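# Breakdown of the fold
One letter stands for each residue in the lines below.
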Amino acid sequence: MKIAIVGAGISGLYLGWKLRSERGHQVTIFEKKGKIGREACSGLFSERILSFVPTSQKLIEHEISSVLIHFPKKTTKVKFSKKFLVLNHAELDRLVAGLAQKAGAEIKLNQNILAGSFLANGFDRVIGCDGAHSAVRRSLGLKEPDYRLGIQGFIPGSNQADYVETWPVAHGFIWKIPRGKELEYGIIADASSAPKILDGFCSKNNLRLENMKSALIPQGFIIPKNDKITLCGDAAGLTKPWSGGGVIWGLTGAELLLKALPDFLKYQRDMKNYFLPKIFFSKMAVKTAYFLGFKIPWILPQNIKIESDFLL
């Protein structure tokens, strides 16, 4: 088959690599930017990333085994059953791009994306992996996902702690991530309030962040009922309700797509069956944890253990 992938983010590059190397399809990846590599991302992935991209082992900068959640009157420690790995997301994207190109997939940069033109130009299938502001999603007339704003900044200096710290706020949290050679602080919250909340936190704690970056983070489940065009990753709003992270969920969705191809309607059904229960229960878990943490914190346990990607 002749397949167009719109967007050279991690999901699109992974699909391009696998569709070419394992299925032998003719794959072209179209990217509107002039270079590959997502810059505004904490790059905090569970060990599952190694099962998808084994060679990403060489990109590991640091390892995280737990998180401290600082509610106003209580701190709870959450131990991860699978470690989190600190990687440079842009370098991971470029690594997978190299794998895709080596397999024979074509990557075209600086492309004007006209989502409706691909089928007319001889492509059998179109996969939108073009992120939060997906042109493919909009061309299909689908609803927009909900959005939160992620902001990150850095403080130089070595820090080898093996835990992350977070401070819950309305519709999100502030984070502190040791990256080995530097500290990262950031926030995910409503776009209207995130900058002010982070500024207040930095002023209170005498923090001066450098190299500030930001990005909108989609949240939803938007997979079209279409037998020729579909969505994957952030374009489908497929990010975790509690953290906003989307790489492992996006790659899991990519695997479901690979198994269902060429039947995009089966892919849509499989995605609903797999992810909707996880999205529902994780939203309920977050609401419960925030209610307890802010209203009746003495009920929260001092220590919790969870599976880092799926709360299972």
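Our structure's up above, just so we're on the same page.
Quick caveat, the model's predicted, so the values are computed rather than measured.

### Observations regarding helix α3 (residues 89-103)
- Look at α3: 21 Å from first C-alpha to last across 15 residues, which is about the 21 Å you get at 1.5 Å a residue.
- Regarding α3, the residues found buried are His 89, Ala 90, Leu 92, Asp 93, Leu 95, Val 96, Ala 97 and Ala 100.
- Next to the buried residues of α3 lie α1 (10-21), β3 (44-46), α2 (49-52), β6 (106-108) and α7 (247-260).
- The backbone nitrogen of Ala 90 has a side-chain oxygen 2.9 Å away, supplied by the residue at the start of α3, namely Asn 88.

### Describing the environment of Phe 30
- Structurally, the position occupied by Phe 30 is in strand β2 (residues 26-30).
- The class of Phe 30 is buried, set by a relative accessible area of 9%.
- For the pair Phe 30 and Leu 109, spaced 79 residues apart in sequence, the C-alpha separation works out to 6.3 Å.
- Setting aside anything within four residues of it in sequence, one finds Phe 30 in contact with Ala 4, Ile 5, Val 6, Gly 7, Ala 8, Lys 108, Gln 111, Ile 113, Phe 118 and Phe 123.

### Looking at the pairing of strand β5 (residues 74-86)
- Inspection of the sheet shows β3 paired to β5 by three bridges, in the antiparallel sense. Looking at β5, one finds that Ser 46 is bridged to Phe 84.
- Summarising the sheet, strand β4 (residues 62-71) and β5 pair through nine bridges and their orientation is antiparallel. Looking at the pairing, Ile 64 lines up with Phe 84 of β5.
- Two successive antiparallel strands, β4 and β5, enclose a turn made up of two residues.
- Relative to strand β14 (residues 303-306), β5 runs parallel, the two being bridged by four bridges. By the bridge assignment, Lys 79 is partnered in β14 with Lys 305.

The rules behind the values
- In every chain, residue numbers begin from 1 and rise along the written sequence.
- Per-residue local features of the predicted model are confined to residues with pLDDT of at least 70, and side-chain atom pairs are confined, for both listing and counting, to 80 or more; whole-chain, interface and lining totals are unaffected and use all residues.
- Side-chain metrics in this entry use all non-hydrogen atoms of the structure; hydrogen atoms and water are not considered.
- In this description a helix means any DSSP run of H or I spanning at least four residues, a strand means any run of E spanning at least two, and both kinds are numbered starting from the N terminus.
- Here the expected length of a helix is defined as 1.5 Å per residue gap, with one fewer gap than residues.
- Under the scheme applied here, a residue whose accessible area is under 20% of the maximum for its type counts as buried, over 50% as exposed, and between as partly exposed, the area being computed with a 1.4 Å probe on protein chains only.
- Whether two residues are in contact is decided by their heavy atoms: any pair within 4.5 Å suffices.
- Two N or O atoms count as a polar contact when they lie within 3.5 Å, although within protein this holds only if one can serve as hydrogen donor and the other as acceptor, and sequence-adjacent residues are included solely when both atoms are side-chain atoms.
- Any two strands with at least two DSSP-identified bridges between them are counted as paired.

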